[in-house]
Structures are given as C-alpha cells and as structure tokens.
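# Per-entry structural report
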Amino acid sequence: MGSASSAYRVIYLDVDGRIQKVVFSRFCSPYDIKELFCTALGLPRESVPALSVLDRNTTLSLLDSTGAMVSIDPTMPHNTERSPYRVVPLTGGQLADKEELFQNVLTQVAEQFSRAFKINELKTEVTNRLAMLEKRVELEGMKVVEIEKCRSDIKKLREEMASRNNSHFLDDNKKLTPRRDVPSYPKYHLSQETVEALRQPTFDVWQWEPNEMLSCLEHMYHDLDLVKDFNMNPITLKRWLLCIHDNYRMNPFHNFRHCFCVTQMMYSMICLCSLQETFTQVDILILMTAAVCHDLDHPGYNNMYQINARTELAVRYNDISPLENHHCAVAFQIFSQPDCNIFSTFDPEAFKQIRQGIITLILATDMARHGEILDSFKHKVDSFDFTDEEHVTCLKMVLIKCCDISNEVRPMEVAEPWADCLLEEYFMQSDREKAEGLPVAPFMDREKVTKPTAQIGFIKFVLIPMFETVMKLFPQIEDVMVQPLRESRDRYEELKQIDDAMNEVQKKKSENLTMGKKK
C-alpha cells in the first residue's frame, strides 16, 4: 500500500525573496490551488480568478527557475526549496497587451500561409468550379442520383472491358521488364523451304506459334545483315523480341501475330524490291524496327474512340494520333532498358537519327493521314530521287502503310480470317460506343456492315490506288501484290451480289407472307 503522504503535494514558492511552502491534496481543483497561491502572495481571494472564470482583472502566472510557465493544477511538477516557483500576478492591462501581441503573431502567420498557398485564390477557383458544375447539372436536367448511376454503369462497363482486354496501359511497367532467362524460347532451325517462303507475300502467317514467329523475326534481322553490320548483341536482340511479344495485347486483330504479319510483309518487300540496293542499311533497320513496334500495347479501340471517350491517351497526346504516339512511347521505353537496347552500339547522333526515323514511320500508320501521305508520294513518284532524303522518307512512310494494311495481298485462305478478326474488333468497339453514348462509325456497326461491303470499299479506294502508285517505282510487285488485290476485290463483289440476291429473295418472301395474311 502507498504512504498516506503520497496523497499530498508540496510546492515551494518564491514570494518576494522568501520561500513559502504550500501543501495541498492531489485531489484539489486548480481553483483551490490558485486560492492557496493567492493567500501565499497576500492577495485577496476575490481578485484571483480560477480557470479564468472569476475576476477578469487579475490572474496568476507560475514560472520555474528557467522562466518557463508551469501549469497550475494537481499534476504540476514537484520542486524543492532550492528551485522554488515564482508567482507573478498579472493585471487585466498586462493580459490585454499579451493577448494583443499573440493576436498580431497569429495574424502574421495566417498572412504568410495565405500568401504561400494562395488560399484565397484556391477558394475562389473551387467556388467557381462548383458553380460551373452545378449549372451544368441544372442545364442538362439530370439529378445527382442519375448522374451517379450513369457514372457507376460506365465504370462497371470499363472494368469489365478492361478485364477482358488487360486495358491498363503498361501497369507499373511490369511488361517492360526484359527476360533474363535467355534463351527463353527455343531457337528453331528454319528449313530452306521456310526461309524461302518467308521472303514471299504469300507466306501463311497462321501456321506458326509465337515462339516460332519470334525465331522468324530473329532470322530476318540476321538475314538482312542488320545484326552483323550494326554489331548487335544476339542475346539483346532475343530479349528485345521477347519484350516486344509481351507488350502486344490479346486483341482479336491488333495483336502480336499482326505485328509479325506486318514485319514479314516488310521483309518480303525489301527482298522483292531489292531495297538494300537503293536504301542504306540504317533505312532498312528503321523500316524493320518500325514494323515490329508499330502497334505496341494497342488497346483494341481506335483513335476515334480514344478521342470521343476522352481517354487518358487522347488527353495526353491532345487528340493527335493518340494510339500511334503511344506505340512510339512504349517502343522507346523498351529500348531504354539496357538488356533490350539493340541500338546500344550507336553514338548519340546516330541513335537520334534512328529514333526520329522510327517515330516518323509509326506516326504515318494513322489512317487519318492516309490521303495526305499518299498525295505527297504521288507528286514525287514520277521523278523519284533515291538520293533525296525527303523522297526516301516519303517512300518509307508509304511502305509501312502498305505493309500495315496488306492482308488482302495474301492468298484468300490467309487473308479472310484477318477480315473476320478486324470486324470482331470493330464490333466490340461499336458495342462499347453504343453503351457509352458515343458516336458509332457505320463501317464498325454490326447492324449495318457486312464483310463484302466492308472489304470492297477498302480494297477499291485505299489498297489498290496505294499499291498501284508504289508499282510505278517497283513494277515487280504487280503480279504478287497488285493482282491479288484486284482478284480479292472481284471476289468480294461477287459475294456482295450473292448477298444482295438472297436479301431480295428474302424480301419478296416477307412481302408475299404479308399479302397472304391480308387476304
């Protein structure tokens, strides 16, 4: 059990130079303790307020030996005769002076914070924005609950589509990390038959697994002497290709097989048109690498969707070729990884030239620029100069465009599945646009478009004019590229005639049934 004396506190006060001992119970109130101190000072009780609620003209201030103020309450620190507390009575005037000083300090601090953080301006901006939002809600005639429901529905739809398409753009850059377990895919030995077929536009891209396609891409870089001429590390090339594969999404159309398809067509055009005789090796490297990277991390929804939906990409790139800009950015994020930098042997100036060349070609794949680029090439083709850098750049832009949309150049059994894949991706986008209340392009609407109608216009007005213009410079492509396009156009026109005839028959049947019911 504790001593009875522990229930009491002993405090020593300095009263005009003499030591005054004050003893009080630890259960005393601050009011009682202040009364004791008042008595020790010889002040009348009624003039000493307790807790600032009695007389407002006088109060007590308790200071220790260092001049620090001590709280007057039962838990105040114990002291000794050698270190007594000094009791200072304060009049109302003194309190007012201190309070005024304190208020001045507070005012100055508040002004400093206001100046530093521009609180007033922020308040004004927030108020204005709230007013604008309130006015917008009022004008649109929608209740807050309805707006929240719309937001919730759109959020759920986005999450559902994101789960299907892995739509977070390079989340935490996880996919950009190069693989170090080289070789991570088997090095396939390509037969002579495969090597020769790989150089042809008729190559069947559907017969190969991803690892085999990676080996074919690797072979192309070696076969074109890009690895030898630029002293590339073969292991770095392999790691880079693996990272490229990992950064194409599992979309119906814009996927790694499409990347391989475009690059293989570029390789076949380089071989068929003997471009290594007229282009520099740097140009060949730019053409091949741009083809490999041209659709990196494509989300499966085109630029019009990005712009109309005001996506992160559209905002980031100011509605200017958002997807193509994104493909470029991802490509050079991958090159920034030392283990994936196939350009590590180039000096800064040479790398700058290659980087600009690749960016120019990838941006040229935006179909919104098709007319502009083709018109520019048409003006140059009749007097084309392979020593003119502007002419060569324009030709390279047209070549990557040809390769990007070259599926109908291939045999029907290879080309037709690509048309189905593209329509599937289009329909997926148009369904989402309808759900989100966005504009829908007629050629993407499953209720309005058929495969023949979609392909006929594209082949007649986009593909054939472009390939025929290139044919002026390289006549050797007519039999293997232009003629297949003409045959594909004729085949789809026949299919359209059949579809139209069947629709007419169905229409007459419906009319006859209607007439029969009326009788």
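What you are looking at is a predicted structure, and each value in this text was computed from that prediction instead of being measured.

Our next topic: the layout of surface pockets. Of the voids in this model, the largest pocket is the one considered here, and its volume is about 1,100 Å³. Those elements that provide at least two residues to the lining of the largest pocket are helix H12 (303-308), helix H14 (322-335), helix H18 (412-436) and helix H19 (451-473). It is H18 that provides the largest number of residues to the lining of the largest pocket, a total of nine residues. Class assignment for the residues of the lining of the largest pocket results in 23 nonpolar, 15 polar and nine charged.

Another aspect to go through is the nonpolar core. The tendency in soluble globular proteins is for nonpolar side chains to be buried as a group. If you look at the biggest cluster of nonpolar residues, it comprises 102 residues, and the most contacted ones within it are Tyr221, Trp240, Ile244 and Met288. Setting aside residues no more than four positions away along its own chain, Ile244 makes contact with Phe256, Cys259, Val292, Cys293, Leu296 and Ile334. By size, the runner-up hydrophobic cluster in this structure holds 16 residues, among which are Ile11, Ala40, Val70 and Met76.

Before going further, it helps to spend a moment on the side chain of Ser268. Among the secondary structure elements, Ser268 is positioned in helix H9 (residues 256-272). Its relative accessible area of 0% is what places Ser268 among the buried residues. Not counting residues up to four positions away in its chain, the partners in contact with Ser268 are Leu198, Arg199, Gln200, Pro201 and Met481.

The next point concerns the confidence of the model for the chain. As a note on interpretation, predicted positions should not be read in detail where pLDDT is low. Within the chain, residue pLDDT values average 85, and 77% of them lie at 70 or more. Across residues 46-57, where pLDDT falls below 50, the model places 22 contacts with residues more than four positions away in sequence or in other chains.

Right, let's talk about the side chain of Thr236 for a bit. Positionally, Thr236 belongs in helix H8 (residues 234-246). By relative accessible area, which is 11% here, Thr236 ends up buried.

Attention now moves to a nonpolar patch on the surface. A surface patch of nonpolar side chains, about 280 Å² in accessible area, is lined by Leu495, Ile498 and Met502. For Met502, a relative accessible area of 55% corresponds to the exposed category.

For the coordinates displayed, the defined rule picks out 19 salt bridges. With a shortest N-O distance of 3.7 Å, Glu390 and Lys380 are connected by a salt bridge. Here Lys380 lies in helix H16 (residues 370-381) and Glu390 lies in helix H17 (residues 389-404), a separation of 10 residues in the sequence. When salt bridges that share partners are traced, they join Glu416, Asp420, Lys451 and Arg491 into one network.

Turning to H17, a few remarks are in order. For H17, which comprises 16 residues, the first-to-last C-alpha distance of 23 Å matches the rise-based estimate of 22 Å (1.5 Å per residue) to within 8%. The N-capping residue of H17, defined by a side-chain oxygen 2.8 Å from the backbone nitrogen of Glu390, is Asp388.

Okay, the pairing of strand S1 (residues 8-15) next. Pairing of S1 with strand S2 (residues 18-25) involves eight bridges; the strand directions are antiparallel. Residue Tyr12 lies in a different strand from S2, and its bridge partner there is Lys21. Counted between consecutive antiparallel strands, the loop separating S1 from S2 contains two residues, among which Asp16 sits at a positive phi close to 55°.

Here Met250 is to be found in the loop between H8 and H9. Using a relative accessible area of 79% as the deciding quantity, one classes Met250 as exposed. Distance in space between the C-alpha atoms of Met250 and Pro299 is 9.1 Å, their sequence separation being 49 residues.

Counted under the stated rule, the structure contains 19 aromatic pairs. Ring centres of Tyr301 and Tyr305 lie 5.2 Å apart, and the angle between their planes is 40°; on these two criteria the pair is classed as tilted. Note on accessibility: Tyr301 and Tyr305 belong to one class, buried. Taken together, Tyr221, Phe230, Trp240, Phe332, Phe335, Phe343, Phe346 and Phe351 form an aromatic cluster joined through their ring pairs. Here the basic side chain of Arg355 rests over the ring of Phe332, its NZ or CZ set 4.7 Å away from the ring centre. Over the aromatic face of Tyr301 sits the side chain of Arg432, whose NZ or CZ is 4.7 Å from the ring centroid.

Procedures and definitions
Residues numbered from 1 in each chain as written. Predicted model: local features only at pLDDT ≥ 70, side-chain atom pairs only at ≥ 80, totals over all residues. Heavy atoms only, no water. 1 Å grid on protein atoms, 1.4 Å probe; cavity = no way out; pocket = protein on both sides within 12 Å on 5 of 7 lines; lining within 4 Å. Points joined across faces, edges and corners; volume = space filled by probe spheres on them. Helix = DSSP H or I, 4+ residues; strand = E, 2+ residues; numbered from the N terminus. Nonpolar A, V, L, I, M, F, W, Y, C, P; charged D, E, K, R; others polar. Core = buried A, V, L, I, M, F, W, Y, C linked by side-chain atoms within 4.5 Å. Buried < 20%, exposed > 50% of the residue type's maximum accessible area, 1.4 Å probe, protein only. Contact = heavy atoms within 4.5 Å. pLDDT = per-residue confidence, 0-100. Patch = residues over 30% accessible without salt bridge, like charges linked within 9 Å, V, L, I, M, F, W, Y side chains within 5 Å. Areas by Shrake-Rupley, 256 points an atom, 1.4 Å probe, with all protein chains shown as cover. Salt bridge = Lys/Arg side-chain N within 4 Å of Asp/Glu carboxyl O. Expected span 1.5 Å × (residues − 1). Polar contact = N/O pair within 3.5 Å; in protein donor to acceptor, adjacent residues only side chain to side chain. Pairing = 2+ DSSP bridges. Phe/Tyr/Trp six-rings, centres within 6.5 Å; stacked < 30°, edge-to-face > 60°. Lys NZ or Arg CZ within 6 Å of the ring centre and 35° of its normal.

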